[in-house]
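# Chain and residue survey
The lines below spell out each chain.
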Amino acid sequence: MTASDHAPDIDARYAFARALAHEAAQMGMQLYRERGTLVVEHKGAYRQDVVSIADQRIEQFLRARLAERFPEDGFLGEESGAADLEARCVWVIDPIDGTACFLHGLHNWCVSVGLMVDGRPHVGVIADPNHDELFHGCLGRGAFVNDQPLKASAATHVSEGLTGTGTFHPRGKEHFIPFLEKLLAEGGMFLRNGSGALMTAYVAAGRLLGYYETQLKSWDCLAGLVLVKEAGGLVNDFFRGDGLLDGNPYLVACPGVYAQLAQMVGPSLDT
Ligand code: 2AM
Ligand code: CA
């Protein structure tokens, strides 16, 4: 019998993820206060895609602590890539989701720590130190912000609240502008706060009715997907194809408006 034959200790991982994300977010807060001194780089040719030494330092911290505590687990991170993806437990983390906000002095950023077990999102923790909010959830055990249970909105029409959105230039505005037109035509309204993880958590919390992003990466949303599912929301087939490594279009929403939003997004959700 090998170590991988044993059921993984989910309790230990869930507790560790909560403490770790909180600690990383406090580290992020310190770096955020010093953001004027951080070295900023642009990823590739796309100038809006920025990364700083803060992203790299927090990811190194998370990766080292996870490897020390759970050496048998795999890892996928935005800044340092993948290791042991065939392991039963794989951590999928974004050290700072909302990097552009972080660097521009806007408070919409967070640390996102997700855990996949046997290929499915199982534990999600999103730490937002600017608002003292720790979102966390575990498959079959509910989702919470601090100690408060999360529940997706009971709305049945987009006109009843706000819908999160986001895009980036390389994806093409044809996947975005038609959606906005349809949303506005139905009396809906959009919000774009710059952090996919936080907007996903807000859908779980019932603060947003739904959230459409033309393209996300798995580290932006894996933790949040656990929260949305546990809060009674619906999610698209984000992991189809090479979704884990390359990302996909993304839609999450409360049950009463998911179909309406999916119709507005149309074929862009599948291409
Ligand atoms: P980041 O801050 O970790 O880069 C905002 O709409 C969301 O898009 C954020 O979660 C942001 O994550 C993400 N994002 C930024 N650049 C991206 C890219 N090139 N591909 C996919 N998502 C991106
Ligand atoms: Ca990031």
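The structure contained in this document is the topic of the report that follows. (Residues numbered from 1 in each chain as written. Chains lettered and ligands numbered in written order. Predicted model: local features only at pLDDT ≥ 70, side-chain atom pairs only at ≥ 80, totals over all residues. Heavy atoms only, no water.)

## Regarding the site of ligand 1
Neighbouring ligand 1 are 17 residues; Asp 97, Gly 98, Arg 192, Gly 196 and Glu 213 lie closest to it. Measuring from an oxygen atom of ligand 1, one finds a side-chain N or O atom of Asp 94 at 2.9 Å. In this structure, Gly 98 approaches ligand 1 through a main-chain N or O atom, which is 2.6 Å from an oxygen atom. Within the complex, the protein chains bury 89% of what would otherwise be the 490 Å² of accessible surface of ligand 1. Each residue belonging to the shell around ligand 1 can be placed in one class, and the counts come to three nonpolar, six polar and eight charged. Residue-level mapping places the shell around ligand 1 at the junction of two domains, with at least three residues from each of domain 1 (3–149) and domain 2 (158–270). (Near = heavy atom within 4 Å. Polar contact = N/O pair within 3.5 Å; in protein donor to acceptor, adjacent residues only side chain to side chain. Areas by Shrake-Rupley, 256 points an atom, 1.4 Å probe, with all protein chains shown as cover. Nonpolar A, V, L, I, M, F, W, Y, C, P; charged D, E, K, R; others polar. Domains from an automatic or database assignment.)

## A word on the sheet that holds strand β14 (residues 234–235)
Taken in spatial order, the five strands make up an open sheet running β12-β11-β13-β15-β14, and their pairing is mixed. Of all strands in the sheet, those bounded by a partner on one side alone are β12 (189–191) and β14. Pairing between strand β11 (residues 162–166) and strand β13 (residues 210–216): four bridges, direction parallel. Its bridge partner lying in β13, Gly 166 is registered against Glu 213. Sitting on the sheet, helix α4 (residues 177–185) touches β11, β12 and β13, and the angle it makes with β12 is about 130°. Across the sheet, helix α5 (residues 196–204) touches β11, β12, β13 and β15 (248–253), and the angle it forms with β13 is around 155°. (Pairing = 2+ DSSP bridges. Helix = DSSP H or I, 4+ residues; strand = E, 2+ residues; numbered from the N terminus. Contact = heavy atoms within 4.5 Å. Axes fitted to C-alpha atoms, helices over the stretch in contact; angles between N-to-C directions.)

## Points about the state of the cysteines
Applying the stated rule across the entire model yields zero disulfides. This cysteine, Cys 138, is not joined by any disulfide, and Cys 89 carries the nearest cysteine sulfur, 11 Å off. This cysteine, Cys 221, is not joined by any disulfide, and Cys 110 carries the nearest cysteine sulfur, 12 Å off. Classification of Cys 221 as buried rests on a relative accessible area of 0%. (Disulfide = S-S within 2.5 Å. Buried < 20%, exposed > 50% of the residue type's maximum accessible area, 1.4 Å probe, protein only.)

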